[in-house]
Amino acid sequence: MAKNPKPRKLTVYLYIPNIIGYIRVLMNVVAFALCFSHKNLFSVLYFLSFVCDGVDGWCARKFNQVSTFGAVLDMVTDRISTACLLVILSQQYRPGLVFLSLLALDISSHWLQMYSTFLLGKASHKDVKDSSSWLFKLYYGNRMFMAFCCVACEVLYIILFLIAEPHNESVIDVLLHASKQSFLLSALVVPVLFGWAIKQTVNVIQMKTAADVCVLHDIIKKQKS
């Protein structure tokens, strides 16, 4: 009986979801190159790149082209694009340390989660069925809820970028002033802040849970030696 041919490396690189991933990278490069001269265009490209994150996941499942490379490409693109925007916001608002702290939390929590996933031998970092946190399980277990929190977080950062003043001001003062000027913005701020707060809480839970896994791995390793 003939065996099914193994996919070549080039084949995986050319998976439909991975090609979408390359397009996301390109959109982000163009967006950040134009971010200060064309703020509206930046916002559109940045958000489109974020939306494509969901599209490539759907394509991966639809065409049976799920790959470890694609998952890593997605996460790296997400983390770097969000990090770049947070760095920009840290220069536009005071105290800038708030945004740099959010950057550190985002990267460290996801890096620890990925590392702990490999230690546990799991196929996906989203497999948290054994977690004791109901919020953590709800976030990764309900695709719509996770999408809402992620979209809310990115929309909040885009709004802050668009309404930033030429001189540094408190982020709360600018947000309150802009909300008073626009009914649409004031109506959008509450759900967006809610989703953002949930995502940051999940990041903290994720970092602590993943750190516990790493520590437990060290303890078991010591006991066996």
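Conventions we followed
Residues numbered from 1 in each chain as written. Predicted model: local features only at pLDDT ≥ 70, side-chain atom pairs only at ≥ 80, totals over all residues. Heavy atoms only, no water. Core = buried A, V, L, I, M, F, W, Y, C linked by side-chain atoms within 4.5 Å. Buried < 20%, exposed > 50% of the residue type's maximum accessible area, 1.4 Å probe, protein only. Helix = DSSP H or I, 4+ residues; strand = E, 2+ residues; numbered from the N terminus. Contact = heavy atoms within 4.5 Å. Patch = residues over 30% accessible without salt bridge, like charges linked within 9 Å, V, L, I, M, F, W, Y side chains within 5 Å. Areas by Shrake-Rupley, 256 points an atom, 1.4 Å probe, with all protein chains shown as cover. Salt bridge = Lys/Arg side-chain N within 4 Å of Asp/Glu carboxyl O. pLDDT = per-residue confidence, 0-100.

Visitor: Sorry if this is basic, but what is going on with the nonpolar core here?
Guide: Generally speaking, soluble globular proteins have nonpolar side chains that are buried together. Of all hydrophobic cores here, the largest spans 36 residues; its most connected members are Phe-42, Leu-85, Leu-89, Tyr-93, Phe-99, Leu-160 and Ile-163. Secondary-structure elements contributing two or more residues to this core are α2 (16-33), α3 (39-62), α4 (68-92), α5 (97-120), α7 (143-163), α8 (171-181) and α9 (183-224). Looking at which element gives the most residues to this core, the answer is α7, with 9 residues. Apart from residues no more than four positions distant in its own chain, Tyr-93 is found in contact with Phe-99, Leu-160, Ile-163, Ala-164, Asn-168, Glu-169, Ser-170, Val-171 and Val-174. Ranked by size, the runner-up nonpolar core spans 12 residues in total, among them Leu-135, Met-146, Cys-149 and Val-202.

Visitor: Please clarify how a nonpolar patch on the surface should be interpreted in this entry.
Guide: Together, Leu-10, Tyr-13, Leu-14, Ile-19, Tyr-22, Ile-23 and Phe-69 make up a nonpolar patch on the protein surface, roughly 630 Å² of accessible area in all. Elements with a minimum of two residues in the nonpolar patch: α1 (9-13) and α2. The greatest single-element share of the nonpolar patch, amounting to 3 residues, is contributed by α2. Within the secondary structure, Leu-10 is located in helix α1.

Visitor: How do you make sense of the environment of Lys-122 when you look at a structure like this?
Guide: Relative to the helices and strands, Lys-122 resides in the loop between α5 and α6 (134-141). With sequence-adjacent residues up to four places away left out, Lys-122 is seen in contact with Thr-117, Asp-127, Val-128 and Asp-130.

Visitor: Is there a simple way to think about the confidence of the model for the protein chain in this case?
Guide: Atomic detail in the predicted coordinates should be set aside for any region of low pLDDT. Mean pLDDT over the protein chain: 91, with 97% of residues reaching 70 or higher. By mean pLDDT, the top-scoring element of the protein chain is α2 (96), and the lowest-scoring one is strand β2 (residues 169-170) (83).

Visitor: How should I be thinking about unusual backbone geometry in this particular structure?
Guide: Residues apart from glycine generally show negative phi values, whereas peptide bonds are mostly found in trans. Geometrically, the link from Arg-94 to Pro-95 is a cis peptide bond, its omega value of -5° lying close to zero. Relative to the assigned elements, Pro-95 resides in the loop between β1 (93-94) and α5. Of note, the phi angle at Asn-64 is positive, near 55°, even though the residue is not glycine. With respect to the element layout, Asn-64 can be found in the loop between α3 and α4.

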